[in-house]
Amino acid sequence: MTANATFAVIDDSSMDRFIARRMLGKAHPGCEVIEFSYAEEAVSYLKSPSRKAIDLILIDINLPRMNGFEFADSFASLYPELKGHTRVIMVSHSINPADLARAKAHPAIDSYKTKPLTPGILDVV
């Protein structure tokens, strides 16, 4: 990924967004991190014709109103052309095997990582 990469972080926790932004910035100096508290905000942004290309989306599994899986469903149906370019990583405090299995089976989700995020997690980026 280039220094000009653009990342989206979708998480209702301001602390988790802060940690993700810092880690992405350290791993990819010069990158842009766009933050969303709600998945609906991210979907609206992605629908915008003036949006930037997103290289990676980090999305929390448990979000109010629209959870991470519902976002992934919307992303997959609205933006199939982005699947080759945009990677989606689901992040969660959940260690529930059912969540991991569901994420692995979802065609729009490239990876599932447990929080807290660590620098090693970003090696896949």
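Placed above this text is the structure.
Residue positions are given per chain, counted from 1 along the sequence in the order it is written. Two thresholds apply to this predicted model, a pLDDT of at least 70 for residue-level local features and 80 or more for giving and counting side-chain atom pairs, whereas whole-chain, interface and lining totals are computed over all residues. Only heavy atoms go into the side-chain values, all of them from the structure, while hydrogens and water stay out.

S.K.: Could you give me a rundown of helix 1 (residues 14-27), with the residues and numbers involved?
M.R.: Secondary structure follows DSSP: runs of H or I at least 4 residues long count as helices, runs of E at least 2 residues long count as strands, and numbering of each begins at the N terminus. In a helix, the anticipated span is given by 1.5 Å times the number of residues less one. Counted at 1.5 Å a residue, the expected span for helix 1 with its 14 residues is 20 Å, and the 20 Å between its end C-alpha atoms agrees. Three labels apply to residues, based on accessible area from a 1.4 Å probe with only protein chains included: buried if under 20% of the type maximum, exposed if over 50%, partly exposed otherwise in between. For helix 1, the set of buried residues is Asp16, Arg17, Ala20, Met23 and Leu24. Down the axis of helix 1, the sector holding all buried residues measures 135°, keeping them to one side. Along helix 1, exposed side chains directed more than 90 degrees from the buried face belong to Ser14, Met15 and Lys26. The criterion used for residue contact is that any of the two residues' heavy atoms lie within 4.5 Å. Turning to helix 1, the residues buried within the fold contact strand 1 (6-10), strand 2 (32-36) and strand 3 (56-60). Note that the arc is defined by the directions from the helix axis to the C-beta atoms.

S.K.: Account for the nonpolar core, with residues named and values stated.
M.R.: Nonpolar cores are built from buried Ala, Val, Leu, Ile, Met, Phe, Trp, Tyr and Cys residues. Side-chain atoms within 4.5 Å join them into one set. With 25 residues, the main nonpolar core has Ile10, Ile57, Ile59, Phe71 and Phe75 as its most contacted residues. Mapped by element, the contributors of at least two residues to this core are strand 1, strand 2, helix 2 (39-47), strand 3, helix 3 (68-78) and strand 4 (87-92). Excluding residues that lie within four positions of it along the chain, Ile57 makes contacts with Ala8, Ile10, Leu46, Phe71, Phe75, Thr86, Arg87, Val88 and Ile89.

S.K.: Can you explain helix 3? Please cite residues and give values.
M.R.: Residues of helix 3 that are buried: Gly68, Phe69, Phe71, Ala72, Ser74 and Phe75. Against strand 1, helix 2, strand 3, strand 4 and helix 4 (97-105) lie the buried residues of helix 3. The term polar contact refers here to a pair of N or O atoms within 3.5 Å; inside protein, the definition further demands a hydrogen-donor-capable atom paired with an acceptor-capable atom, and it admits residues adjacent in sequence only when both atoms are side-chain atoms. Among the residues of helix 3, the N-terminal cap falls to Asn67, whose side-chain oxygen and the backbone nitrogen of Phe69 are separated by 2.9 Å.

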